[in-house]
Amino acid sequence: MMDTIGVIGIGAMGKGMIGSLLAKGYQVIAYDPVPAAQDWAKEKGAHVALSPADVGRTASVVITSLPGPAIVEQVLLGEDGLYSTLAAGSYVLDASTIDPATAKRLHAVGLQKGISLFDCPVSGGPAGSAAGTLTIMVGGDESKLPDITPYLQGIGKDIFYMGESGSGQVAKLCHNSVVAVITAALGEAFTVGAKAGVDPHKLAAVMDKGSAHNRVLSVFGPNILYGTYEKTVFSLDHMHKDLQLYAQAAREQQVPVLVGGTVVQLYEAAKAQGKGAWDSSAVCSVTEELAKATISK
């Protein structure tokens, strides 16, 4: 039996990570405040902790997969927080998507305690998490990268070291901004095609073979083409949060967000319409409604 790894956050992504780690022979101690998530972890064979601090008493490598910056900070620094019990020499691999500034601050606090925090946001969604094939963007101390690589390989396939602390989050936010822009662009183009009498499925086939080929089409295309926005691959709420963090990072770097700024307004509109729990591709429905047209037949 190999090392014990802590996992904090037993959501759609955390579940896949736990399953992948267990399948590769690791012992897992997991924490989530939701009783149903705890029950799921127990059924899969993981040990369930009482708090983040409880995880830190058992594991020296902990993966966190949480909804946003405030929760990550609370889990690490709050009452019964992970940092209160982790031993010096431990590692925290934060797979959440948060702002680079918070990642750097939590990294600095960890160093004072002898704890190495790496920002390790992921791409690949719940399916990639369940398959153990996530793409992982890593920010942190490069000299310690060999120490954490085996654990990252427990949940992912393609691992990219991006630079110092915060760099992984910068990469993830830039990545998701491009995904959001392409998703909105697909919705617009398919709406134009549908309203002009061109079958969107045929248009998608052309894009798949032409210069407009993109992976977003294969991941989110079915929901757009069939109007099945309620089938969530990656929630609109999460994409909206990531776009806000991206815009914040861009402002800090004094980079104008001319394209992304326009697209985020579409996500704002979809969220205001109560579509936050739907798939992020539901942003396309805003364009459909404005055009008084539908992509799906």
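To be clear, the structure that these remarks concern was listed above.
Residues numbered from 1 in each chain as written. Predicted model: local features only at pLDDT ≥ 70, side-chain atom pairs only at ≥ 80, totals over all residues. Heavy atoms only, no water.

### Notes on unusual backbone geometry
With glycine set apart, most residues show a phi of negative sign, and most peptide bonds adopt trans.
Thinking step 1. With a phi close to 60°, aspartate 80 is a non-glycine residue in the positive phi region.
Thinking step 2. You can see aspartate 80 is positioned in the loop between α4 (69-77) and β5 (91-94).
Thinking step 3. Taking relative accessible area as the criterion, aspartate 80 reaches 44% and is therefore assigned partly exposed.
Thinking step 4. With phi around 55°, lysine 292 is a residue other than glycine that occupies positive phi space. (Helix = DSSP H or I, 4+ residues; strand = E, 2+ residues; numbered from the N terminus. Buried < 20%, exposed > 50% of the residue type's maximum accessible area, 1.4 Å probe, protein only.)

### Things to note about the packing of aromatic side chains
Describing an aromatic ring pair means giving the distance of the ring centres and the angle of the ring planes.
Thinking step 1. Overall, the coordinates contain two aromatic pairs when judged by the stated rule.
Thinking step 2. Ring centres of tyrosine 26 and tyrosine 151 lie 6.0 Å apart, and the angle between their planes is 45°; on these two criteria the pair is classed as tilted. Of this pair, tyrosine 26 sits in the loop between α1 (12-23) and β2 (27-31) while tyrosine 151 sits in helix α7 (residues 145-152), and the two are 125 residues apart along the sequence.
Thinking step 3. Judged by relative accessible area, tyrosine 151 falls into the buried class, the value being 12%.
Thinking step 4. With a centroid separation of 6.5 Å and an interplanar angle of 40°, the aromatic rings of tyrosine 91 and phenylalanine 118 are classed as tilted. Pair noted here: tyrosine 91 is in strand β5 and phenylalanine 118 is in strand β6 (residues 116-119), with a separation of 27 residues, a long-range link. (Phe/Tyr/Trp six-rings, centres within 6.5 Å; stacked < 30°, edge-to-face > 60°.)

### So, the pairing of β5
Thinking step 1. By the alternation rule, side chains of β5 split into Tyr91 and Leu93 and Val92 and Asp94, which are all buried.
Thinking step 2. Across four bridges, the pairing between strand β4 (residues 61-64) and β5 is parallel. Residue pairing in the sheet places isoleucine 63 in a bridge with leucine 93 of β5.
Thinking step 3. Chirality of the crossover, the property in question, places the unit of β4, α4 and β5 among those that are right-handed.
Thinking step 4. Both β5 and β6 contribute to a ladder of four bridges, which runs parallel. Note on β6: the bridge partner recorded for valine 92 is leucine 117. (Pairing = 2+ DSSP bridges. Right-handed = clockwise from strand over helix to strand, strands pointing away.)

### Thoughts on the environment of cysteine 120
Thinking step 1. Its place among the elements puts cysteine 120 in the loop between β6 and β7 (122-123).
Thinking step 2. For the pair formed by cysteine 120 and glutamine 169, sequence separation is 49 residues and the distance between their alpha carbons is 7.4 Å.

### Quick word on the packing of α4 against helix α5 (residues 100-112)
Thinking step 1. Orientation of α4 relative to α5, taken along the N-to-C sense of each, is 5°, at an axis distance of 11 Å. Between α4 and α5, the interaxial angle falls into the category roughly parallel. In this structure, α4 uses Pro69, Val72, Glu73, Leu76 and Leu77 to contact α5, whose residues at the interface are Thr102, Arg105, Leu106 and Val109.
Thinking step 2. Class assignment for the residues of the contact of α4 with α5 results in six nonpolar, one polar and two charged. (Axes fitted to C-alpha atoms, helices over the stretch in contact; angles between N-to-C directions. Parallel < 35°, antiparallel > 145°, perpendicular 65-115°, else oblique. Contact = heavy atoms within 4.5 Å. Nonpolar A, V, L, I, M, F, W, Y, C, P; charged D, E, K, R; others polar.)

### Some thoughts on α1
Thinking step 1. Between its first and last C-alpha atoms α1 spans 17 Å; for 12 residues at 1.5 Å apiece the expected length is 16 Å, and the two agree.
Thinking step 2. Looking at α1, one finds that the buried residues are Met13, Gly14, Gly16, Met17, Ile18, Ser20 and Leu21.
Thinking step 3. Trailing α1 by a residue or two, glycine 25 shows a phi angle of about 95°, which is positive. (Expected span 1.5 Å × (residues − 1).)

### Things to note about the state of the cysteines
Thinking step 1. Under the counting rule described, the total for this entry stands at zero disulfides.
Thinking step 2. Looking at cysteine 120, it has no disulfide partner, and the nearest cysteine sulfur is the one in cysteine 174, 17 Å off.
Thinking step 3. The exposure class of cysteine 120 is buried, given its relative accessible area of 2%. (Disulfide = S-S within 2.5 Å.)

### Overview of the side chain of asparagine 223
Thinking step 1. Positionally, asparagine 223 belongs in helix α10 (residues 215-226).
Thinking step 2. The buried category is assigned to asparagine 223, whose relative accessible area is 6%.
Thinking step 3. A polar atom in the side chain of asparagine 223 sits 2.8 Å from the backbone oxygen of lysine 231.
Thinking step 4. Apart from residues no more than four positions distant in its own chain, asparagine 223 is found in contact with Thr228, Tyr229, Lys231, Val233, Asp279 and Ser281. (Polar contact = N/O pair within 3.5 Å; in protein donor to acceptor, adjacent residues only side chain to side chain.)

### Looking at the packing of helix α12 (residues 258-272) against helix α13 (residues 283-291)
Thinking step 1. Between α12 and α13, whose axes approach to 8 Å, the crossing angle comes to 90°. Comparing the axis directions of α12 and α13 gives the class roughly perpendicular. Along its contact with α12, which presents Leu266, Tyr267, Ala269 and Ala270, the element α13 presents Val283, Val286 and Thr287.
Thinking step 2. Among the residues forming the contact of α12 with α13, the class breakdown is six nonpolar, one polar and no charged.

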